[in-house]
Amino acid sequence: MNQKGGVGKTTTTVNLAAALARAGRRTLIVDLDPQGHSSLHVGVDLNAPGRTVYDVLIDDSEPPSAAIRPAVEHLDILPSTVDLAAAESELATLPEPHRRLDRALASLGDRYEFILIDCPPSLGHLTVNALTAAREVIIPMQAHFLALQGVVKLLETVRQVSQAYNPRLRVSGVVLCMHDTSSAHTREVVAELESFFEQSRQAESPWKFARVLRPAIRRNIKLAECPSFGQTIFQYAPQAPGAEDYAALGAALLKEWDAMLARLQANSPQDATA
Ligand SMILES: Nc1ncnc2c1ncn2[C@@H]1O[C@H](COP(=O)(O)OP(=O)(O)O)[C@@H](O)[C@H]1O
Ligand SMILES: [Mg+2]
């Protein structure tokens with residue numbers, strides 16, 4: 001999530017999910033943005049009839065699996081269309097509006113190892129649903145002037161939702177998108193972010209263990225081109241720097257998640273399967 005638009009949320013959701021799927025992990029993308037960008041990015045035809053995440057949130061007469069469509073091997077998507085914009089106000093009329101997505105995803109059981117939710121650029125009901133359903137928050141962003149202020153505001157929202165609805169929510173960190181390592185200014189912003197996270201180790205908060213995730217995703221035109229072909233970077237340009245960076249980010253996160261799962265299993269086998 002990131003309440004700012006154009007920072008790399010969709011690009012990261014789709015290509016990180018594709019990296020996990022390529023590692024043989026059953027992965028689902030939930031497109032929670034009414035713009036439907038991640039649905040288009042994996043080649044869903046949004047004009048074809050079919051249930052979408054809107055139906056899953058508002059009308060539970062059919063199971064969520066009825067809205068899920070295959071994208072590539074091991075990767076499925078719960079797509080969205082512009083209809084989803086109406087859900088912002090319609091959700092407010094339903095009981096426990098913040099928990100609709102959580103309930104729907106829980107009903108999928110262990111069908112997926114990873115579910116990545118692409119959030120809209122706002123902090124409304126849809127984003128609160130995502131934060132209530134999630135275990136971890138990943139913040140795609142660019143290392144620009146005032147980046148830290150945006151992150152601090154976003155973290156406050158995460159804290160509020162965590163306190164109200166989801167105490168186990170954790171911020172894993174930021175993914176630097178469209179990254180330019182040659183700029184001195186960029187390096188300063190990254191140093192500032194890192195020192196902010198270091199200071200956060202002292203107190204309890206959902207971002208106590210957050211960090212700048214590595215590698216950063218370099219600016220790469222192939223990443224900007226592939227959505228219009230309805231392809232992930234691994235289909236469109238598997239040799240491009242963008243594919244290399246998302247594959248490496250996926251491998252780094254998988255290593256941590258697998259280690260965490262092994263620790264949980266050793267300590268308490270029941271918690272680990274939940
Ligand atoms: N690493 C990158 N290099 C080049 N272009 C990128 C990169 N990451 C994202 N883009 C492009 O920047 C624009 C915004 O990215 P997007 O992922 O759609 O952001 P958001 O979902 O936060 O609005 C898109 O046109 C996307 O293709
Ligand atoms: Mg987007």
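Residues numbered from 1 in each chain as written. Chains lettered and ligands numbered in written order. Predicted model: local features only at pLDDT ≥ 70, side-chain atom pairs only at ≥ 80, totals over all residues. Heavy atoms only, no water.

**Remarks on the pairing of strand β2 (residues 69-72)**
Stage number 1. With three bridges joining them, β2 and strand β3 (residues 75-78) adopt antiparallel strand pairing. Directly across from Arg69, in β3, lies its bridge partner Ile77. (Pairing = 2+ DSSP bridges. Helix = DSSP H or I, 4+ residues; strand = E, 2+ residues; numbered from the N terminus.)

**Focus: the site of ligand 1**
Stage number 1. The environment of ligand 1 is made up of 14 residues, and the closest members are Gly6, Lys9, Thr10, Thr11 and Asn220.
Stage number 2. If ligand 1 stood free it would expose 560 Å²; the protein chains cover 79% of that surface.
Stage number 3. No other element matches the three residues that helix α1 (residues 9-22) contributes to the shell around ligand 1.
Stage number 4. Tallied by class, residues from the shell around ligand 1 come to five nonpolar, six polar and three charged. (Near = heavy atom within 4 Å. Areas by Shrake-Rupley, 256 points an atom, 1.4 Å probe, with all protein chains shown as cover. Nonpolar A, V, L, I, M, F, W, Y, C, P; charged D, E, K, R; others polar.)

**Side note on the packing of α1 against helix α11 (residues 241-267)**
Stage number 1. Two numbers describe how α1 lies on α11: the axes approach to 8 Å, and their chain directions differ by 65°. For the element pair α1 / α11, the angle class is roughly perpendicular. Between α1 and α11 lies a crossing whose hand is right-handed. Where α1 approaches α11, its residues Thr11, Thr12, Asn15, Leu16, Ala19 and Leu20 are matched on the opposing element by Tyr246, Ala247, Leu249, Gly250, Leu253, Leu254 and Trp257.
Stage number 2. Looking at side-chain class alone, the contact of α1 with α11 contains nine nonpolar, four polar and no charged residues. (Axes fitted to C-alpha atoms, helices over the stretch in contact; angles between N-to-C directions. Parallel < 35°, antiparallel > 145°, perpendicular 65-115°, else oblique. Left-handed = near helix turned anticlockwise from the far one by under 90°. Contact = heavy atoms within 4.5 Å.)

**Quick notes on the packing of helix α6 (residues 125-133) against helix α7 (residues 147-165)**
Stage number 1. Taken N-terminus to C-terminus, the directions of α6 and α7 make an angle of 60°; their axes are 10 Å apart at the nearest point. Between α6 and α7, the angle is such that the two are oblique. Where α6 crosses over α7, the two elements pack in a sense that is right-handed. Together, Val128, Leu131 and Thr132 of α6 and Thr157, Val158, Val161 and Tyr165 of α7 make up the contact between the two elements.
Stage number 2. Here the contact of α6 with α7 is built from residues that sort into five nonpolar, two polar and no charged.

**Considerations on the sheet that holds strand β4 (residues 114-118)**
Stage number 1. Pairing is mixed across the open sheet formed by four strands, whose spatial order is β2-β3-β1-β4. Taken across any chain shown, the strands that pair with only one partner, and hence form the sheet edges, are β2 and β4. Averaged over neighbouring strand pairs, the angle between their axes works out to 30° when direction is ignored.
Stage number 2. Where strand β1 (residues 27-31) and β3 come together, four bridges link them in parallel fashion. From the neighbouring strand, Val30 faces β3, where its bridge partner is Leu78.

**What to know about the sheet that holds strand β7 (residues 211-212)**
Stage number 1. As summarised here, the arrangement of the three strands in space is β5-β6-β7, forming an open sheet in which the pairing is parallel. Each of the sheet's edge strands pairs with one partner strand only, and the pair in question is β5 (136-141) and β7.

**Focus: the packing of aromatic side chains**
Centre-to-centre distance and the angle between the planes together describe a pair of aromatic rings.
Stage number 1. Applying the stated criterion across every chain yields a total of three aromatic pairs.
Stage number 2. Relative to Trp257, the ring of Phe114 has its centre 5.0 Å away and its plane inclined at 35°; by these criteria the two rings are tilted. Of this pair, Phe114 sits in strand β4 while Trp257 sits in helix α11, and the two are 143 residues apart along the sequence.
Stage number 3. Residue classification places Phe114 among the buried residues on the basis of a relative accessible area of 13%.
Stage number 4. When its relative accessible area of 15% is taken as the criterion, Trp257 is described as buried. (Phe/Tyr/Trp six-rings, centres within 6.5 Å; stacked < 30°, edge-to-face > 60°. Buried < 20%, exposed > 50% of the residue type's maximum accessible area, 1.4 Å probe, protein only.)

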